[in-house]
Amino acid sequence: DATFTPGGVFDARWLDEVTGDTPTILRAWDYHTAWVNSAALAAGGITAETPDPELGRIVRREDGSPIGTLQEAAANDFLANIVPERGLAVRVAAIERATREFAEIGITWIQDAWVEGSDVAVYLAAASQDRLHTRVNLAFRADPLTWREQHAQFLADRERVVALGHERLTAQTIKFFLDGVIEGHTAALLEPYADRPDDSGLPNWTEAELQAATAAFDAAGFQLHLHAIGDAANRSALDAFEAIRDSGVDADRARHHVVAHVAMLDPADVARFAELDVIANFEPYWAKCDSVMENLTIPHIGQDRDDRQYLIGSLVRSGATISFGSDWPVTTLDWREAFSTAILRHSHLTPDEPAWLPNEVVNAGTALAAYTKGIARQALAPDRGTLAIGSPADAVWLSGNPLAVAAHEVPDIAVRGTWIAGEPTYTA
């Protein structure tokens, strides 16, 4: 948890006291940062002379030696290339456990928004063994440095999933990480950070490469899913979608592209989501002034930009399609707590607290639509967003009506059962 230390920087020596000579890596809640001990630094060959990887950052002491905190590609490359990979059986069991937990809280569809090549065989095995308890869509991660080489592999992997023909597994999406996170000073901002006047973040893509890659994968028929936290990243995402529209390629084809998180948005870009028919996928659980917001986010961006965050109400009023997600395991997978936060703009545990940015609250009907009809569009399954004659029976039975109870009581609603296409996936 980045709020535990000044600036979110963790020292390897603190971990050494507990772990000794066992190489140890702890992934931060934001999934953009890792804390490693000295033995892990040695295992990875990371010294004062090790340069920062492209698109990553090794946080250093004053003498240039690594302190033990890795950000963005420095953390992800370490996890991918240094940490031993788990076996197929363990990974399939993990997917089964995770999808079962989603089913238990009433979820019927999820998207794995960060799929690497080695993950595809795991999902194929889980599906073929009937161990998926939700529908799952795979989003292949496009690498800014190697996306051209990935193109053919993504097409082949999509065909592998299609060939399996399992109702609960699809592979229709390409994921782009446009930037990092505000808390690590890696989100891409239009103006420098308030507490780092020479730093505007760490964008992962140049404008030219992003537009070339999004055009190529769009032409291949993929849905595009762009992680954008900072206001500069969100503008880049919208510029890429505008370039696709203006190219005139397949102008009559319906597109359901997504910007995920939309954490910080310049007011000038609000109307563009509806104009470009882009889905804004929010994580409403984040739309509150908690310890992370107070201690890291707002001090990093400054009070004058506080009101650019999680403009859910503004985008709803603009006519854009809104979907809600969790970004689990970054934060809770429980939609009930996030549903409540979207309405209250604060934690359900403090019902008398004033709303944070009250102009951005939404009502319960809007929140429910974002979790149902909005998600159905994002899932490329418009027939599944409502309970209607002839629709697939993807349904959840709740002990109370989230449209009728007080917002702070929604987390107390129990899930009594979940079904996919009429088949029960969970019974209380």
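Presented here is a report on the structure given in the accompanying data block. In this text the structure is predicted, and so the values were computed from the model without any measurement.

Reading the values: the criteria
- Residues numbered from 1 in each chain as written.
- Predicted model: local features only at pLDDT ≥ 70, side-chain atom pairs only at ≥ 80, totals over all residues.
- Heavy atoms only, no water.
- Buried < 20%, exposed > 50% of the residue type's maximum accessible area, 1.4 Å probe, protein only.
- Helix = DSSP H or I, 4+ residues; strand = E, 2+ residues; numbered from the N terminus.
- Pairing = 2+ DSSP bridges.
- Axes fitted to C-alpha atoms, helices over the stretch in contact; angles between N-to-C directions.
- Parallel < 35°, antiparallel > 145°, perpendicular 65-115°, else oblique.
- Contact = heavy atoms within 4.5 Å.
- Nonpolar A, V, L, I, M, F, W, Y, C, P; charged D, E, K, R; others polar.
- Polar contact = N/O pair within 3.5 Å; in protein donor to acceptor, adjacent residues only side chain to side chain.
- Core = buried A, V, L, I, M, F, W, Y, C linked by side-chain atoms within 4.5 Å.
- Salt bridge = Lys/Arg side-chain N within 4 Å of Asp/Glu carboxyl O.

All right, on to the pairing of strand β3 (residues 56-60) then. With respect to burial, β3 is a largely interior element, four of its five residues being buried. Hairpin connection, β3 to strand β4 (residues 66-72): the antiparallel pair is bridged by five residues, and glycine 64 has positive phi, about 95°.

Further remarks concern the sheet that holds strand β12 (residues 395-398). Each strand in a sheet pairs with another by means of backbone hydrogen bonds, the pair being arranged parallel or else antiparallel. Here three strands make up an open sheet; going across it, the order is β12-β13-β14 and the pairing antiparallel. In the strand order of this sheet, the two ends are held by β12 and β14 (423-427), each with one partner. Each adjacent strand pair in this sheet contributes to an overall mean axis angle of 20°, direction not counted.

Turning next to the packing of helix α5 (residues 117-128) against helix α6 (residues 147-164). For the pair α5 and α6, the least separation of the axes is 11 Å and the interaxial angle reads 5°. Compared by their axis directions, α5 and α6 come out roughly parallel. Contacts from Val120, Ala121, Leu124, Ala127 and Ser128 of α5 reach α6 at Asp157, Arg160, Val161 and Leu164. For the contact of α5 with α6, a count of residues per class yields six nonpolar, one polar and two charged.

The next point concerns the side chain of asparagine 281. When you line up the elements, asparagine 281 lands in strand β10 (residues 279-282). Among the polar contacts listed, one links the side chain of asparagine 281 to the side chain of serine 323, at a separation of 2.9 Å. Polar contacts involving the side chain of asparagine 281 include one to the side chain of glutamine 378, which spans 3.5 Å. Other than its neighbours up to four places away in sequence, asparagine 281 contacts His225, Val258, Val259, Ala260, His261, Val262, Ser323, Phe324, Gly325 and Gln378.

This part is about the nonpolar core. Across soluble globular proteins, you tend to see nonpolar side chains buried next to one another. Membership of the largest hydrophobic core comes to 92 residues, with the highest contact counts inside it found for Phe176, Phe273 and Leu315. With sequence-adjacent residues up to four places away left out, leucine 315 is seen in contact with Val262, Leu265, Val270, Phe273, Ala280, Phe282, Ala320 and Ile322. In this structure, Ala12, Ala40, Leu70 and Ala74 belong to the second largest nonpolar core, which totals eleven residues.

When charged atoms on two side chains of opposite charge get close, those side chains can pair. Applying the stated criterion across every chain, the model contains 30 salt bridges. For arginine 253, the salt bridge goes to aspartate 250, with nearest N and O atoms at 3.7 Å. Arginine 253 sits in the partly exposed class, given a relative accessible area of 28%. For aspartate 250, a relative accessible area of 41% translates into the label partly exposed. We note a salt bridge from arginine 272 to aspartate 269, for which the minimum N-O separation is 3.2 Å. Each member of the pair arginine 272 and aspartate 269 is classed as buried. One connected set of salt bridges, linked through shared partners, spans Asp231, Arg235, Asp239, Glu242, Arg245, Asp246, Asp266, Asp269, Arg272 and Arg308.

The next thing to look at is the sheet that holds strand β5 (residues 109-115). Judged by pairing direction, the sheet is parallel, and its seven strands sit side by side in the order β5-β6-β7-β8-β9-β10-β11 without closing on themselves. The two strands at the open ends of the sheet, each matched to only one other strand, are β5 and β11 (322-324). Going from strand to strand, the sheet's axes swing by 30° on average, the running direction of each strand aside. Judged from the four bridges that link them, strand β8 (residues 223-228) and strand β9 (residues 258-261) form a sheet pairing that is parallel. Counted as the bridge partner of histidine 227 is alanine 260 from β9.

This next bit is on unusual backbone geometry. The peptide bond linking tryptophan 328 to proline 329 adopts the cis configuration, its omega dihedral lying at 10°. Its location among the elements puts proline 329 in the loop between β11 and α12 (335-344). Look at tyrosine 31: it is not a glycine, yet its phi comes out positive at around 60°. Here tyrosine 31 is to be found in the loop between β1 (25-27) and β2 (33-36). At histidine 261, a residue that is not glycine, the phi angle is positive and equals roughly 90°.

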